[in-house]
Amino acid sequence: MEYALQQFDEATAANSTTRARNYAAAKAEFMAEIRLLSRLRHPCVATMLGAVVTRSSEVLLVMEHLEHGSLYDFLRNDKMPTPDMFLLPIVKDIVSGMRYIHNLRPAVIHGDLKAKNVLVDGNFKAKISDFGLSQKKQFGCGTPFWMAPGLFPECVSVCVSVCVGVGVCVCV
């Protein structure tokens, strides 16, 4: 992983001072995200396997493969007999994964819980993924359609947000 980050460094070094500062901030944020993802180990959280730098200097994260794709796609799949029987276990998996990341010290706030960021494996086990916004300390980030109504004004309740997010994941 360090090799991939070193290649990222060499391939995208900035020319101007402003660009260099932006690059340094983006790299620091990216490194923090990789460190966060690399330490998450839970049956209901998608596992990061590594990182790759492409020839065009794009950095890609390698995650475990989950056969049924996103929960969003899974719920809309007409070929599945009755996804209804999987809903309660899936909700339990989402809650278990969110509880795990919230109980970490320091706590991790996902920031964008939605059906497209929950993946389903071959055994119909749900795993939360896409922590791209998890290090953002600002609330109100995320996908507006999937956000709890209380996140739009200044007052924020993470607990309410997660409850609404889980509900929207399985009901939309």
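Look up: the structure comes first, before these words.
Residues numbered from 1 in each chain as written. Predicted model: local features only at pLDDT ≥ 70, side-chain atom pairs only at ≥ 80, totals over all residues. Heavy atoms only, no water.

*Asks:* What am I meant to see in the overall build of the protein chain here?
*Replies:* Of the regular secondary structure elements, the protein chain holds five helices and four strands. Start at the N end of the protein chain and walk to the C end: the helices and strands fall as α-α-β-β-α-α-β-β-α. Classification of the 172 residues of the protein chain by burial places 38% in the buried group. Across the protein chain, every contact between residues at least 6 apart in sequence was considered, and the portion connecting residues at least 24 apart equals 59%. (Helix = DSSP H or I, 4+ residues; strand = E, 2+ residues; numbered from the N terminus. Buried < 20%, exposed > 50% of the residue type's maximum accessible area, 1.4 Å probe, protein only. Contact = heavy atoms within 4.5 Å.)

*Asks:* Sorry if this is basic, but what is going on with the side chain of serine 129 here?
*Replies:* Summarising the element assignment, serine 129 is placed in the loop between strand E4 (126–128) and helix H5 (158–171). Apart from residues no more than four positions distant in its own chain, serine 129 is found in contact with Ala46, His110, Asn117, Val118 and Leu119.

*Asks:* I'm lost on the nonpolar core in this one. Help?
*Replies:* Leu40, Leu71, Ile94, Ile101, Ile128 and Phe131 are the most contacted members of the largest nonpolar core, which has 28 residues in total. Of all the secondary-structure elements, those providing two or more residues to this core are helix H2 (17–39), strand E1 (48–53), helix H3 (71–75), helix H4 (84–103), strand E3 (118–120) and E4. Excluding its chain neighbours within four sequence positions, the residues that come into contact with isoleucine 128 are Cys44, Val45, Ala46, Ile94, Gly97, Met98, Ile101, Leu113, Asn117 and Val118. (Core = buried A, V, L, I, M, F, W, Y, C linked by side-chain atoms within 4.5 Å.)

*Asks:* Looking at this structure, how should I read the packing of aromatic side chains?
*Replies:* Between two aromatic rings, the relevant description is the distance of the centres plus the angle of the planes. A full pass over the atoms with the stated rule returns three aromatic pairs. Over the ring of tyrosine 72 we find arginine 76; its NZ or CZ atom is 3.9 Å from the centre of that ring. In this structure, lysine 116 packs its charged tip against the face of tyrosine 72, placed 4.5 Å from the ring centre. (Phe/Tyr/Trp six-rings, centres within 6.5 Å; stacked < 30°, edge-to-face > 60°. Lys NZ or Arg CZ within 6 Å of the ring centre and 35° of its normal.)

*Asks:* Honestly, unusual backbone geometry in this entry has me stumped. Any pointers?
*Replies:* Negative phi characterises most residues that are not glycine, and trans characterises most peptide bonds. Of note in the backbone geometry, phenylalanine 124 takes a positive phi value of approximately 65° without being a glycine. On the secondary structure map, phenylalanine 124 appears in the loop between E3 and E4. The partly exposed category is assigned to phenylalanine 124, whose relative accessible area is 22%.

*Asks:* Would you mind going over the pairing of E1 with me for this structure?
*Replies:* As a general feature of sheets, a regular strand has side chains that alternate between the two faces. Looking at chain direction, E1 and strand E2 (residues 59–63) are connected through five bridges and run antiparallel. Pairing of alanine 51 across the sheet is with leucine 61, part of E2. From the end of E1 to the start of E2, which pair antiparallel, there are five residues, and serine 57 there has a positive phi angle of about 70°. (Pairing = 2+ DSSP bridges.)

Nothing here speaks to function; it is geometry throughout.
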